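Topology and contacts: notes
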Amino acid sequence: MAAAGAARAAGRRSRQLFDIFVAEVPWTVSSKELKEYFSQFGSVQRCQLPFDRDTGFHRRYCWIKFSTPEDVQNVLKKDSHILEGSKLTLKQQTRRRQSQRRNPRE
């Protein structure tokens, strides 16, 4: 049983999402441009740029999902990230999918 528990724990660690939260995204920058910019640091799997339903504009922040933790570290090594004259604010986020969260009854 202990081996099975260790295997589950290792599986949970390997399925963690390594994301970067990006704030202060200029209004004129698209998700495609963000993905192209961040791909210089590693393999970008997804760029999520939420839009406001009322205004039709994006909300000036996004999440970038990379393939590996090393890609995330490559991004964080650079001191500043500037797109179209605006300095982006980055924060590393390690999140788990909803299904990976522990059941409070366990």
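Above this note sits the structure.
Read on for a plain summary of the structure. (Residues numbered from 1 in each chain as written. Predicted model: local features only at pLDDT ≥ 70, side-chain atom pairs only at ≥ 80, totals over all residues. Heavy atoms only, no water.)

Scanning the protein chain from N- to C-terminus turns up three helices and five strands. Reading the helices (α) and strands (β) of the protein chain from amino to carboxyl end gives α-β-α-β-β-α-β-β. Counting the 106 residues in the protein chain, one finds 30% classified as buried. Of all intrachain contacts in the protein chain linking residues separated by at least 6 positions in sequence, the fraction that spans at least 24 positions is 66%. When the accessible area of the protein chain is evaluated, it comes to approximately 7,300 Å², of which 48% is carbon and sulfur surface. (Helix = DSSP H or I, 4+ residues; strand = E, 2+ residues; numbered from the N terminus. Buried < 20%, exposed > 50% of the residue type's maximum accessible area, 1.4 Å probe, protein only. Contact = heavy atoms within 4.5 Å. Areas by Shrake-Rupley, 256 points an atom, 1.4 Å probe, with all protein chains shown as cover.)

Below, the discussion takes up the pattern of salt bridges. The tally for this structure, following the rule as stated, stands at one salt bridge. We note a salt bridge from Arg60 to Glu24, for which the minimum N-O separation is 4.0 Å. Taken as a pair, Arg60 in the loop between strand S2 (44-48) and strand S3 (61-66) and Glu24 in the loop between strand S1 (17-23) and helix H2 (31-38) lie far apart in primary sequence, 36 residues in all. Look at Glu24 and you get partly exposed, because its relative accessible area is 40%. (Salt bridge = Lys/Arg side-chain N within 4 Å of Asp/Glu carboxyl O.)

What follows is about the state of the cysteines. In total, this model carries zero disulfides according to the counting rule given. Cys62 forms no disulfide, and the closest cysteine sulfur to it belongs to Cys47, at a distance of 4.4 Å. A residue is classified by how much of its surface remains accessible, and Cys62, at 0% relative accessible area, is buried. (Disulfide = S-S within 2.5 Å.)

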